[in-house]
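Read off the chains here:
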Amino acid sequence: MSGYGHECADIVRAARKGSYKIGMILGSGLGALAEEVEDAVRIPYTHLTEFPVSTVTSHSSELVAGTLAGVPVVILSGRAHYYEAGDPSVMRTPVETLKELGCEILLATNAAGSLREDVAPGSPMLIRDHINWSGKNPLIGEEDEKRFLDMSAAYDPELLEAMKKVAAETGDPIADGVYMWFSGPSFETPAEIRMARLLGADAVGMSTVPEVIMARFMGLRVAAMSIVTNYGAGMQTHALSHDQTKSVALQGMERMKELVRAFVKEVG
Ligand code: HPA
């Protein structure tokens with residue numbers, strides 16, 4: 001199966017010539033990173049064939065192509081989620097577009113709940129591995145043998161090391177952990193969070209895993225980072241809300257910008 005990546009890449013190339021090295025997907029409240037891109041063209045998703053426009057208010061839904069720290073990048077500012085229409089391959093065309101534009105690396109970002117007391121809201125956490133708790137997979141329906149995709153090093157160990165190195169060089173060392181994908185859109189219950197901790201998760205969220213599977217399927221190397229916006233349900237006294245996700249993601253933004261810029265410079 002294929003999406004409209006080829007067509008969308010032509011639209012991007014018509015607006016800005018060139019090939020790109022790193023593609024990024026920005027999660028809830030993290031759109032400000034796209035403002036850092038220089039020599040940029042900004043293309044609304046509505047101008048790109050079959051690009052899914054997210055219904056989540058904190059997502060801006062534009063593709064930004066340009067340079068960051070001198071490295072050619074394509075930023076997808078805003079993602080659609082499985083929980084919006086029940087399609088785990090909703091991000092197929094955007095990920096394919098990154099691939100068609102020459103990107104070799106995908107840096108996926110998201111907002112997540114922390115299951116670790118030592119990783120507080122506002123902190124970044126690198127994703128070292130994931131647990132797909134949703135039971136959904138974006139490769140369902142693929143007929144090629146390639147669908148039996150090896151996921152044993154889905155989060156590229158070299159890129160993980162590069163991110164840790166730049167984190168230590170630019171400030172505090174960064175935690176890494178296992179991200180567990182729940183379908184959402186309701187948050188987890190305290191019992192689900194206790195289960196997730198028992199099963200070895202360090203963070204929970206409603207995104208990223210399907211895009212990582214698709215990116216690996218397309219041969220991209222993957223790095224991923226969460227901004228922790230809250231502790232998991234039952235680990236904090238107040239209720240969870242999307243407002244908290246948005247406002248705490250903003251607080252973590254400065255560090256995230258610094259890390260992403262240094263990472264791009266290191267691996268680009
Ligand atoms: N659970 C799921 N998704 C999230 C959370 C959470 O606690 N915080 C931010 N996104």
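Rules behind the numbers
- Residues numbered from 1 in each chain as written.
- Predicted model: local features only at pLDDT ≥ 70, side-chain atom pairs only at ≥ 80, totals over all residues.
- Heavy atoms only, no water.
- UniProt positions renumbered as here; feature names shortened; annotations may be inferred.
- Helix = DSSP H or I, 4+ residues; strand = E, 2+ residues; numbered from the N terminus.
- Rg over C-alpha atoms; globule rule 2.2 N^0.38 Å.
- Buried < 20%, exposed > 50% of the residue type's maximum accessible area, 1.4 Å probe, protein only.
- Areas by Shrake-Rupley, 256 points an atom, 1.4 Å probe, with all protein chains shown as cover.
- Lys, Arg positive; Asp, Glu negative; His and termini not counted.
- Charge placed at Lys NZ, Arg CZ, Asp CG, Glu CD.
- 1 Å grid on protein atoms, 1.4 Å probe; cavity = no way out; pocket = protein on both sides within 12 Å on 5 of 7 lines; lining within 4 Å.
- Points joined across faces, edges and corners; volume = space filled by probe spheres on them.
- Nonpolar A, V, L, I, M, F, W, Y, C, P; charged D, E, K, R; others polar.
- Contact = heavy atoms within 4.5 Å.
- Phe/Tyr/Trp six-rings, centres within 6.5 Å; stacked < 30°, edge-to-face > 60°.
- Near = heavy atom within 4 Å.
- Polar contact = N/O pair within 3.5 Å; in protein donor to acceptor, adjacent residues only side chain to side chain.
- Patch = residues over 30% accessible without salt bridge, like charges linked within 9 Å, V, L, I, M, F, W, Y side chains within 5 Å.
- Salt bridge = Lys/Arg side-chain N within 4 Å of Asp/Glu carboxyl O.
- Axes fitted to C-alpha atoms, helices over the stretch in contact; angles between N-to-C directions.
- Parallel < 35°, antiparallel > 145°, perpendicular 65-115°, else oblique.
- Left-handed = near helix turned anticlockwise from the far one by under 90°.

- The protein chain appears in an unreviewed UniProt entry as Purine nucleoside phosphorylase from Roseibium marinum.
- Of the protein chain, the UniProt comment under Sequence similarities (unreviewed entry) reads exactly: "Belongs to the PNP/MTAP phosphorylase family."
- A UniProt comment under Pathway (unreviewed entry) is attached to the protein chain, and it reads "Purine metabolism; purine nucleoside salvage."

## Examining the overall build of the protein chain
Part 1: For the protein chain, the helix and strand inventory stands at eight helices and nine strands.
Part 2: Taking 18 Å as the expected radius of gyration for a compact globule of 268 residues, we find that the protein chain reaches 17 Å, a close match to that expectation.
Part 3: Principal-axis analysis of the C-alpha atoms places the extent of the protein chain at approximately 50 × 45 × 35 Å.
Part 4: Burial status across the protein chain gives 56% buried among its 268 residues.
Part 5: Accessible surface computed for the protein chain: about 11100 Å², of which carbon and sulfur atoms make up 50%.
Part 6: Within the protein chain, one finds 24 positive and 35 negative side-chain charges whose respective centroids are separated by 2 Å.

## A few points about the layout of surface pockets
Summary: where empty space remains is shown by rolling a probe the size of a single water molecule over the atoms.
Part 1: Here the largest pocket is characterised by a volume of approximately 330 Å³.
Part 2: Residue assignment for the lining of the largest pocket shows that the elements contributing at least two residues are helix H2 (82-85), strand E5 (105-114), strand E8 (203-205), strand E9 (221-231) and helix H7 (242-251).
Part 3: Looking at the lining of the largest pocket element by element, the count peaks at four residues for E5.
Part 4: Taken together, the residues of the lining of the largest pocket break down into eight nonpolar, eleven polar and three charged.

## Description of helix H3 (residues 92-100)
Part 1: Of all the nine residues making up H3, seven are buried; the element is thus mostly covered by neighbouring parts of the structure.
Part 2: Inspection of H3 places Arg-92, Thr-93, Pro-94, Val-95, Glu-96, Thr-97 and Leu-98 among the buried residues, and these make up the whole buried set.
Part 3: Where H3 is buried, its residues meet helix H1 (5-15), strand E1 (22-26), strand E3 (62-68), strand E4 (71-77), E5 and helix H6 (209-217).
Part 4: Just downstream of H3, Gly-102 is the residue with a positive phi angle, here 100 degrees.

## Remarks on the packing of aromatic side chains
Part 1: Per the counting criterion, the structure on display carries three aromatic pairs.
Part 2: Pairing Tyr-82 with Trp-181 gives two aromatic rings, centres 6.0 Å apart and planes at 85 degrees, and the pair type is edge-to-face. Of this pair, Tyr-82 sits in helix H2 while Trp-181 sits in strand E7 (residues 175-181), and the two are 99 residues apart along the sequence.
Part 3: For Tyr-82, a relative accessible area of 15% corresponds to the buried category.

## Some thoughts on the site of the ligand
Part 1: What surrounds the ligand is the set Ala-111, Ala-112, Gly-113, Phe-187, Glu-188, Val-204, Gly-205, Met-206, Thr-229, Asn-230, Leu-240 and Thr-245.
Part 2: A distance of 3.3 Å is found between a nitrogen atom of the ligand and a backbone nitrogen or oxygen belonging to Ala-111.
Part 3: Take Glu-188: an N or O atom from its side chain is 2.8 Å from a nitrogen atom of the ligand.
Part 4: In the complex, the protein chains occlude 96% of the 260 Å² of accessible area that the ligand would expose alone.

## As for a nonpolar patch on the surface
Part 1: A cluster of nonpolar side chains, namely Trp-133, Leu-198 and Leu-199, defines an oily patch on the protein surface of about 360 Å² accessible area.
Part 2: Residue placement: Trp-133 occurs in the loop between strand E6 (124-132) and helix H4 (157-170).
Part 3: Given the relative accessible area of 41%, Trp-133 is considered partly exposed.

## What to know about the packing of H1 against H3
Part 1: One way to put it is that H1 packs onto H3 with a least axis distance of 8 Å and a crossing angle of 60 degrees. Considering their axes alone, H1 and H3 lie oblique with respect to each other. Where H1 crosses over H3, the two elements pack in a sense that is right-handed. Counting all contacts with H1, which are made through Gly-5, His-6, Cys-8, Ala-9 and Arg-13, the residues of H3 involved are Thr-93, Glu-96, Thr-97 and Glu-100.
Part 2: In the contact of H1 with H3, the residues fall into two nonpolar, four polar and three charged.

## Details of the pattern of salt bridges
Side chains that differ in charge, positive against negative, can pair when their charged atoms come close.
Part 1: Evaluation of the coordinates by the stated rule reveals 20 salt bridges.
Part 2: Notably, a salt bridge pairs Lys-165 with Glu-169, separated by 3.5 Å at the nearest N-O pair. Here Glu-169 and Lys-165 lie together in helix H4, a separation of four residues that amounts to about one turn.

## Regarding the UniProt feature "binding site: phosphate" (unreviewed entry) in the protein chain
Part 1: When the UniProt feature table is mapped to this numbering, "binding site: phosphate" (unreviewed entry) covers Ser-28, His-59, Arg-79, Ala-80, His-81, Ala-111 and Ser-207. Cross-referencing the annotated residues with the lining of the largest pocket gives Ser-28, Arg-79, His-81, Ala-111 and Ser-207.
Part 2: As for its placement among the helices and strands, Arg-79 is situated in the loop between E4 and H2.
Part 3: Note that Ala-80 resides in the loop between E4 and H2.
Part 4: For Ala-80, a relative accessible area of 3% gives the class buried.
Part 5: With sequence-adjacent residues up to four places away left out, Ala-80 is seen in contact with Pro-52, Ser-54, Val-90 and Met-91.

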